[in-house]
Amino acid sequence: MRKFITLDGRSRMLRSLKIGSLVALLILMTGVTVWARVGGACVNCHTMHNSQDGVSVVDTALPALINTDCVGCHSSDAETIVALGDGTRIPIVYTKSAPSLEQGTATSMLAGGNFHWVGNGEDNKGHNVYGISARDAKLSKAPGDAGYANEGLCKPCHASLAEPGSGCEGCHMPAHHADDSDAVVTSQGGSYRFLGDVMTQVFTGYPPEKQDPRLFKGVRGIEDPDWEQTVSSTKHNVYAGVDENYGSYPILGKETVGQMCAGCHSNFHHAMNSEQGDFSGVWIRHPSDVLIPNEGEYAAYTTYNPLAPAAKQTLTAGMENSDTVTPGSDVVTCISCHRPHGSPYPDMLRWDYDTCDAGTANDECGCYVCHTAKD
Amino acid sequence: MNTNKGRKKMNGGKIKLLTLLAATALVLFAAGNVLAAASGACVNCHTMHNSQDGDPMMVDGSEGPAPALVRAASCYGCHGDVDIVNGTWDNFLTAPGKTPRINARTYGDYGVDGDTLAGGSFYWVDSAGLGMDAKGHNVVGVAEKDAKLGHQPPGWDPNFSVNGQINGGAETWNNQLTCAGVTGCHGDHTATDDFTAVKGGHHGDDSVLDGSTVAQSYRFLKGIIGLEDPEWEYQPTASEHNQYHGEARTADTATNTKTISYLCAECHGDFHSGAGTLGADGTTWGAPWLRHPTDLDMNDLPNTEYALYNGDKSYSVVAPVASEDVSAVKSAVLVGAGDAVVTCISCHRAHGSPFDDLLRWKYNEDGHLMVAANGTSGNVGCFVCHTTKD
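Give a detailed account of the environment of Thr304(B), specifying residues and quantitative values.
Residues and elements named next belong to chain B. For Thr304, the position within the fold is in the loop between strand 6 (296–297) and strand 7 (341–342). In this structure Thr304 comes out as partly exposed when scored by C-beta crowding, with 14 C-beta atoms within 10 Å. Separated by 83 residues in sequence, Thr304 and Thr387 place their C-alpha atoms 9.2 Å apart.

Can you break down the environment of Ser166(A) residue by residue, with the values?
Residue and element names in this part refer to chain A. Position of Ser166 relative to the elements: it lies in the loop between helix 4 (155–158) and helix 5 (199–203). For Ser166, a count of 19 C-beta atoms within 10 Å translates into the label partly exposed. Note: C-alpha distance between Ser166 and Cys42 (124 residues apart in sequence) is 26 Å. If we skip the residues at most four places from it in the chain, Ser166 touches Tyr130, Pro156, Cys157, Ser160 and Leu161.

Describe in detail the interface of chain B and chain A, supporting the description with residues and values.
Across the boundary between the two partners, chain B contributes 22 residues, which contact 21 residues of chain A. Contributions of two or more residues to the side of chain B that touches chain A are made by strand 1 (40–41), helix 2 (42–45) and helix 4 (194–197) of chain B. Taken together, the residues of the side of chain B that touches chain A sort by class into 12 nonpolar, 8 polar and 2 charged. As judged from the 2 bridges shared by strand 9 (residues 357–358) of chain A and strand 1 of chain B, these two strands associate in the antiparallel manner. Directly across from Asp357(A), in strand 1 of chain B, lies its bridge partner Ala41(B).

With reference to specific residues and values, describe the nonpolar core.
All names here are of chain B. Judged by nonpolar contacts, the single largest core of 82 residues is most densely connected at Ile260, Leu263, Met298, Tyr309, Ala340 and Cys385. Those elements giving two or more residues to this core turn out to be helix 3 (75–79), strand 2 (178–180), helix 4, helix 5 (260–268) and strand 7. Ranked by residues supplied to this core, first place goes to helix 5 with 6 residues. Aside from chain neighbours lying at most four places away, what touches Ile260 is Ile224, Gly226, Tyr244, His245, Gly246, Ala322, Thr343, Cys344 and Ile345.

Lay out unusual backbone geometry in plain terms, naming residues and giving numbers.
Residues and elements named next belong to chain B. Cis geometry is adopted by the peptide bond preceding Pro65, which originates at Gly64 and carries an omega value of -5 degrees. Position of Pro65 among the secondary structure elements: in the loop between helix 2 and helix 3. Looking along the chain, the bond that leaves Ala287 and enters Pro288 is cis, with omega of 0 degrees. Of note, Pro288 is situated in the loop between helix 5 and strand 6. For Ala68, which is not a glycine, the phi torsion comes out positive at approximately 60 degrees. One non-glycine residue, Trp232, lies in the positive phi region at around 50 degrees. With respect to the helices and strands, the residue Trp232 is situated in the loop between strand 4 (226–227) and strand 5 (243–244). According to the C-beta neighbour criterion, Trp232 is buried, with 22 such atoms within 10 Å.

What counts and what doesn't
- Residues numbered from 1 in each chain as written.
- Chains lettered and ligands numbered in written order.
- Predicted model: local features only at pLDDT ≥ 70, side-chain atom pairs only at ≥ 80, totals over all residues.
- Helix = DSSP H or I, 4+ residues; strand = E, 2+ residues; numbered from the N terminus.
- Buried ≥ 20, exposed ≤ 12 C-beta atoms within 10 Å, placed from the backbone.
- Contact = placed C-beta atoms within 7 Å.
- Nonpolar A, V, L, I, M, F, W, Y, C, P; charged D, E, K, R; others polar.
- Pairing = 2+ DSSP bridges.
- Core = buried A, V, L, I, M, F, W, Y, C linked by C-beta atoms within 7 Å.

Everything listed here is a matter of coordinates, which is why it stays silent on function.
Rendered as structure tokens:
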């Protein structure tokens, strides 16, 4: 079985298409929901009084009456989707054993990656998140921080995600019961993968007239129903991107996954071009949320490769099954190269960068998905 | 027993095709990786965000980040002897990706048995080292402005602009020489910075050097052609060297703009050709010369000392000659017309050398080696061509 990159021919694609169609038909027939909104028995996740047979379900009662925290629910020994048998399916982001890098198995790593490696002390292979890992031994703040890591209200998240008050909710705003039935999930549906504007948590106490109108938005996106446990060029998430430079202030006004990353790693985006106001200068950091040029070697990236996904500026239903990449319109984004939770590779890269040798063909090096002439 | 059982009989067409493929494979195998396009791990030269463990990734001591995401703020930052990954490297053979080093320190008498590459070395002009203006081009980031010449190249003539207008065509130079760009030698002369000037060069397809792009030009010298030695002439031999492109001129005009000498003429035009008393000659083409000729084919000087180039007409890596045909390395010259062309770099090394005027050998310094009629010099330096003057 090949790894996540599975662009190996027309016949395989056709076979996948047939299988995909059959699965879709079965899903429609059985009425199983495929979106991320939680389904299943309430008791799976909640405890009304934190008491069962006179014993506390959790040591300290948790908000929303849940019977464990984010990490507790989204961890497992090996499986990356835990099905509780009554429709409840839990995407797993932290497994005890290393997840499989082959797509399409019960233990395949999901799109966002896995905290397994950083949870085992390999700091550079994942975000150091509270409940999983201690603070990064080398990083005192988010790299690329534009100065927020040392400011009062900002510090809990911008300095480290491994501190109480930060953690998973430094990036996510849980909205498990939001109606995300629209093909393109927005803040109205709880945001793509619950990536809401976490800054609203900071400003909650502010009077409305003092709140930034760009707040209260969330990341847009189309969510693959099995979180890309199975993935191909015609079955995948669809990420949102734009072709513009973000300001250094961490507001999620553009509703893109890249802007979520830029919230903490601001300078990696804001200061990526010598002309910071636009892209007319030379690149001094790798571009993100920038058009894939429809010229040169980049014009050859026309078939979606989930190893190095391209983002869309305008999202419409059906794109999750489209293998079309349109240079000149689609954009490169942070997660074209990174998996935000973690990966087996340094810097949470989607591939082993050490194997990327210019002049040497390597279909497992994601760099060459865009840099098509450098292999 | 029929050992051919199960084999399919190939028709003539298939056999020809397979033969062609096999021949191609053999050629490629024999040639090895002779292209100059950068190879090796991306991380050797690039940093995506200029951040590793919270620290910059630059290898040249600069803060960064730098254009093109490279790990140095200048060309010299990568092509010096900096520690890129595995420690200080002594020469290109030990450098990651075989990065050609342009500040080598070991030259010897003629620069062919040390670690200096064909283009020479900035070591002697480098203001951080010896700082001797006469021994190299004073390039930004390497040396300060030449104390005697200022910014103006000797022999400057803005009319040598076919490959791009150097210095914007201005009569006076107000800016210092750079590696590339509008005041530089390499890359696109319309670009105002080094990085933009050589954009597309390092990773471009350079399998055909026709001068059409930066990548497809000899050593990224846009518009110039030639055959690149894969080891940049690290300790070259008569059969392993660059093959420079030259023109067998018959007049003091520059008609071929793809020669290595035309590259030099883009800044030092009057040393190459020009009206009146400018250029190598006046109204004629031939001795007596006004200036040392370049783009002159010694095949046009039969029955002279030049017909004994290098004694036995073998290619000299000390005083190399160019050729009109650069499809292959020439180990013997004066075999046919256009294969023994005197060129600027027959005598000079473009980056620098231990000797004044960037010469390839000691000429007019203490203990100078070029002494006429001393009867002992042999076929070295000037006497590689001037075979009877030693």
